[in-house]
Amino acid sequence: ATATAGGGDVDDETAPVPRALAPARKVALITGITGQDGSYLTELLLSKGYEVHGLIRRSSNFNTQRLDHIYHDPHAVPSAPRPPMRLHYADLSDSSSLRRALDAISPDEVYNLAAQSHVAVSFEIPDYTADVTATGALRLLEAVRLSRKPMRYYQAGSSEMFGSTPPPQREDTPFHPRSPYAAAKVAAHWYTVNYREAYGVFACNGVLFNHESPRRGENFVTRKITRAVGRIKVGLQTRVFLGNLSAARDWGFAGDYVEAMWLMLQQEQPGDYVVATEESHTVEEFLQAAFGYAGLSWKDHVVIDKKYFRPAEVDSLKGDATKARKVLKWKPKVGFQELVEMMVDHDIELAKKEKVLVDAGYRDPKQQP
Ligand code: NDP
Ligand code: GDR
């Protein structure tokens, strides 16, 4: 079945992208299209004239909010032109759904962004994390290999794979994963290398360091902090509970990082690339920047809660993106302070809207993100 961004079903046949109108258009398939990176990559590929297909999984609540501004409901205004984006139900845990999707869509490029992507949660659901994050990539690679049409494949690798190996980390730095998530990403990384070497698949690993945005999931530390700043600023909450503040991360902007994904698949040869800002900050420094920008002092609001500490931590990540800079001609446009301000500005506006609902009695102020 094809899915609409509103979450309702439509008949497949009613919604094909009119290919005859644009026969030369490139076709991309994105897994994880409903996630942070999926939404930015969709915008990028549409702006480059691609036809974009995304796989979405069934959920009891709508999971397409990050795509709502792109999606156009044909029932609402049937005469309006629709962007060439279509969504299809599939799941990385279901190989037959992946094969059917590749057969039906026949993409030129496949971006595997889907994953159980939360490091702390991976300690709670390690088996599921391995199934989706590692074996899911293998299932998709196998479907790519078996398809008649050659397809280029991008694997969303992570700086978490370096784990406890000290910075700066680059392509030849040894992996030492510190979580079930990171171990699963290491497996997916090597499956990707193996399919390149064994079968000649044009397969690339992007080893991306943390990248954030106003669309970041609300239980990752940066967004948790900027959501709290917004809500504290307008009086909806007073405290935020956090874990380890001394971990250091190389934080960039997601909109910049999806450009690197695309660039990898446009090269003559497939390869693996570290993508990073080459600048590292602690969680405490992020707190200082975010609360400070809003005219608040983080020490007045942050409470340490042991439950947010992880069984094993990744202490320090800082990438060396020389290869991406030289070969892909990629460099980040948004710096640390600009990223923090973009997220805080967005979340103050969001909190103001929440406040309207709270004041009108439509929302319980105790409901925290
Ligand atoms: P998100 O958590 O925002 O998005 C993950 C996506 O995967 C969502 O669309 C989710 O669907 C989908 N998904 C989860 N499980 C399945 C499944 N079983 N079958 C199909 N789809 C599934 O992640 P990001 O956008 O931040 O990251 C994209 C990718 O890049 C992930 O693989 C992540 O691990 C990796 N990565 C991210 C970095 C970052 O800093 N953001 C850094 C390095 C790597 P749903 O919306 O329904 O939950
Ligand atoms: P990370 O991101 O684990 O690096 O994985 P996250 O924002 O979850 O944690 C960053 C650091 O902050 C510390 N921390 C907290 N983290 C969360 N989530 N919640 C808290 O309350 C909190 N307090 C402190 C953590 O211990 C950690 O050190 C992200 C994900 O996007 C992965 O999918 C991706 O692969 C990596 O980035 C690169």
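Located above this text is the structure these notes cover.
Residues numbered from 1 in each chain as written. Chains lettered and ligands numbered in written order. Predicted model: local features only at pLDDT ≥ 70, side-chain atom pairs only at ≥ 80, totals over all residues. Heavy atoms only, no water.

(A) Local environment of the site of ligand 1. Within the structure, ligand 1 sits among 25 residues, and T34, D91, S117, Y181 and K185 are positioned closest to it. In this structure, a nitrogen atom belonging to ligand 1 sits 2.8 Å away from a side-chain N or O atom of D91. Contact with the protein chains removes 90% of the 900 Å² of surface that ligand 1 exposes when unbound. Sort the elements by how many residues they give to the shell around ligand 1 and strand β7 (residues 152-158) lands first, with three residues. (Near = heavy atom within 4 Å. Polar contact = N/O pair within 3.5 Å; in protein donor to acceptor, adjacent residues only side chain to side chain. Areas by Shrake-Rupley, 256 points an atom, 1.4 Å probe, with all protein chains shown as cover. Helix = DSSP H or I, 4+ residues; strand = E, 2+ residues; numbered from the N terminus.)

(B) The arrangement of the pairing of strand β6 (residues 109-112) in detail. Side chains of β6 alternate between two faces, with E109 and Y111 and V110 and N112 buried alike. Bridge count for strand β3 (residues 27-31) against β6 is four bridges, and the pairing is parallel. Residue pairing across strands places I30 opposite Y111, the latter belonging to β6. Pairing of β6 with β7, which is carried by four bridges, proceeds in the parallel orientation. Bridge assignment links N112 to a residue of β7, and that residue is Q155. (Buried < 20%, exposed > 50% of the residue type's maximum accessible area, 1.4 Å probe, protein only. Pairing = 2+ DSSP bridges.)

(C) Helix α8 (residues 283-293), seen in detail. Taken together, the buried positions of α8 are occupied by V283, F286, L287, A289, A290 and F291. Phi turns positive, to about 75°, at G295, one or two residues after α8.

(D) Quick peek at the site of ligand 2. Near ligand 2 lie 23 residues; those nearest to it are S117, S158, Y181, R310 and E313. Note that an oxygen atom of ligand 2 is positioned 2.9 Å from one of the side-chain N or O atoms of R249. At 2.6 Å from an oxygen atom of ligand 2 is found a side-chain nitrogen or oxygen belonging to E313. For ligand 2, the accessible surface in isolation is 700 Å², of which the surrounding protein chains cover 96%. Listed by contribution, the elements that provide at least two residues to the shell around ligand 2 are α6 (221-233) and β10 (240-242). Of the residues assigned to the shell around ligand 2, the class counts are nine nonpolar, eight polar and six charged. (Nonpolar A, V, L, I, M, F, W, Y, C, P; charged D, E, K, R; others polar.)

(E) Summary view of the packing of aromatic side chains. According to the stated counting rule, one finds nine aromatic pairs in the structure shown. The interplanar angle of 75° and the centroid separation of 5.6 Å between the aromatic rings of Y40 and F253 together place this pair among those described as edge-to-face. With Y40 in helix α1 (residues 36-47) and F253 in strand β12 (residues 252-253), the pair connects residues that are 213 residues apart, well separated along the chain. An identical accessibility class is assigned to Y40 and F253; each is buried. Pairwise contacts between aromatic rings join F162, F175 and F209 into one cluster. (Phe/Tyr/Trp six-rings, centres within 6.5 Å; stacked < 30°, edge-to-face > 60°.)

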